[in-house]
Each structure stands twice: as structure tokens, then as C-alpha cells.
Amino acid sequence: MSTRKPHSAPTAPAVTGYGRFAPSPSGDLHLGNLRTALLAWLFARSTGRGFLMRIEDLDRVKAGAAERQLADLAAIGLDWEPEVVQQSERLALYDAAIGRLTSAGRTYECFCTRREIQQAVTAPHGPMGAYPGTCRELTEGEKAQRRDAGRPAALRLRADITGFEITDELHGRYRGAVDDLVLRRGDGTPAYNLAVVVDDAAQGIDQVVRGDDLLPSTPRQAYLATLLEVPVPQYAHVPLVLNTAGQRLAKRDGAVTLRDRLALGETPEYVLELLADSLGYPGATSTTGLLTQFRPENLPREPWTLDPDGLRQPSTCP
Ligand code: GLU
């Protein structure tokens, strides 16, 4: 019996996994965010992967920001698979993962305030700044006392290591600190490090391309993935965009969002050309054109320093 589906496209290459961009909807994306999104798209599409968009709205949400971010990403020529997920609608998934870790004896309640953690000395054998484990061995009586005092408890991972190594496409082998990281905050919100691991696994994402400011968090996430028995994705942490003072680009640096640039009379194609130029591909005015040229191994390893007032004239300008 033939099983051929009438609408299948036998010549289309099979999608082998997914890349993604996962913005926090706290405001408009700036050129640094757009450049990272473009790179995530290029890495995914150039390796035959699908591309997913995930709105990380567990905190820092500004009304309407997610829609504006998606519109800007589409305007510069990115596309993604239809369903855009929002973390705020996936709380049951995070709860289930926390439940699995708790059943395995891998979590504990932490009643420390932020101030107490800052004041506490680092654990004797732990990395600098690591949570010192103050609440790790509280007795039931001690916990009850703290609860009665009205202290909201966060839930922490009971880590059994202090460091974990990952491999990054751009940074090579990278070892970073792992401590008893927060899985659920005192206000009940799942922590970013947990949500990102759960989502990447649940969405079939096997390639994570993002700014290299997140590289230090990655060993924690990879370790968490191993505890949750889900695959550790391939990582590529890409250089950030800096302002002329050498700091991470921010909105206060001037006309740095797509809308700011359009208001100056530029087009989305021009903005894409600027981004492509910064990646070593001058003259590319479409993402599809850029895709045919893209070679991850040729990517600049240094940050792109941007002076929004001094951007060059594009080749597409008259
Ligand atoms: N939502 C994070 C951000 O906008 C990105 C997290 C990630 O890519 O893993 O900075």
C-alpha cells in the first residue's frame, strides 16, 4: 500500500533540528540584538535547520514589545516556523521539570535574601560569587521557622559539582562555574536558566546561537540539561556590539533601533546591509543573498564597535 502523502514535497531537504532566537520583550531590539538574531538565523538556515522564535516573557515585559520585535525581525528579512511560543504560557512544563528534579532529591528551599547572599562569603571550594549553600542543610524545624517569619522561599538546585565544561563553535572548550542555581524564584517565577533548558529541549532546538555575554551561564545550563536527561545543544556565542566607549550597546547610545534608523530615512535593506557589512559581507541587501555567502568559520571574533551617528553610507544609497 502506498503511504505517500498527497502534499509531501519529496525533494525538500529534511529539517535536522532547530535554531532559535529568544528575545525578552522589554523594548525594541537594537542593532546588536538584530545582528545576533541575524546570526542565529544564518547558523540555523545554513545548516538545514528550522528556525524558531520564543518570547521570553517571564519578566521584564513591556506591552506590545514582542509584536514590535517580531515585526522588526521580519522587516530585515528573517523568517521562522509558524508557532511563536511565549514562556508565560509554558509554566506547566517548567513545573514538571522542577518536579522531576525535586523527586530526584536535587532541589532545596532557600530563604536567603539577596542581601544575605551578597554578604555571605563564597563557599570554601566553590567559584567566586557562587551561592555558599547557606540553606542546603536546613532542618525541617529551621525551614518552618523561616516560613513562619514570612520569608518567601526560592527553590535551588542541589548541584554536586562546581564547574562544567561545554564546547562552543566560536570559543572552543569553555569551563565555567556551576553552583546551587535558583530554579524558581521566591515569587514563584521559574528562573531563566531552568526555562531556557526546558524550552530548548521541548522545542527540539539543538543549536543555540546568542550573545557571548551569556557564555558564563552556559555551563550551568548544560549541566542542568544533563540532570534533566535532555540533549545539550550545540552552542555558538557570538561577539556583541559595543558603543564607542567600549560598553555593550544600549538604547541610550542614540539611533540604534530599526525604527530609529527608519526615522532617519534609512530602509530595512540598508540596515541589513550594515549588519552584513559588520559580519564581513559588504553589499548584501537580502538575507537570502547573505545566506549563500555565509561561512561561520569566517565570522569576526571581535565585538563590532558602533557609532550610531557615524554609520557609513550604504551602497544602496544614491
Ligand atoms: N532572553 C534572553 C535575552 O534576550 C536570551 C536568552 C537566550 O538566548 O538563551 O537576553
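Just so it is clear, the model here is predicted, and its values are computed rather than measured.

Participant: When you look at the pattern of salt bridges in this model, what are you seeing that I'm missing?
Facilitator: When the charged atoms of two side chains lie near each other, side chains of opposite charge can form a pair. In the structure shown here, the tally under the stated rule is 23 salt bridges. Close ionic contact of D200 with R20 constitutes a salt bridge, the shortest N to O distance being 3.1 Å. Placement of D200 in helix α6 (residues 192-202) and of R20 in strand β1 (residues 18-21) is noted, with a sequence separation of 180 residues between them. Given a relative accessible area of 6%, D200 falls into the buried group. In this structure, a network of salt bridges that share partners links the residues R20, R54, E56, R90, D199 and D200.

Participant: Would you explain the nonpolar core in this entry?
Facilitator: Ranked by internal contacts, the top residues of the largest apolar core, which has 43 residues, are L31, L34, L38, L39, F43, L73 and L299. When residues of this core are traced back to their parent elements, those giving at least two are α1 (31-46), β2 (50-55), α2 (65-75), β10 (234-238) and α9 (268-278). Counting residues per element, this core draws most heavily on α1, which supplies ten residues. Judged by nonpolar contacts, the second largest core, of 20 residues, contains L181, L183, Y223 and L224.

Participant: Even after reading the chapter, I still don't get the sheet that holds strand β8 (residues 182-184), so can you show me in this structure?
Facilitator: Within a sheet, adjacent strands bond to each other through the backbone by hydrogen bonds, running parallel or antiparallel. Pairing within the open sheet is antiparallel, and its three strands lie in the order β4-β5-β8. A single partner strand is all that each edge strand has here, and the edge strands are β4 (107-110) and β8. Averaged over all neighbouring strand pairs, the angle between strand axes comes to 45°, with direction disregarded. By the bridge criterion, two bridges tie strand β5 (residues 154-157) to β8 in an arrangement that is antiparallel. The residue of β8 that forms the bridge with R156 is V182.

Cut-offs and rules
Residues numbered from 1 in each chain as written. Predicted model: local features only at pLDDT ≥ 70, side-chain atom pairs only at ≥ 80, totals over all residues. Heavy atoms only, no water. Salt bridge = Lys/Arg side-chain N within 4 Å of Asp/Glu carboxyl O. Helix = DSSP H or I, 4+ residues; strand = E, 2+ residues; numbered from the N terminus. Buried < 20%, exposed > 50% of the residue type's maximum accessible area, 1.4 Å probe, protein only. Core = buried A, V, L, I, M, F, W, Y, C linked by side-chain atoms within 4.5 Å. Pairing = 2+ DSSP bridges. Axes fitted to C-alpha atoms, helices over the stretch in contact; angles between N-to-C directions.

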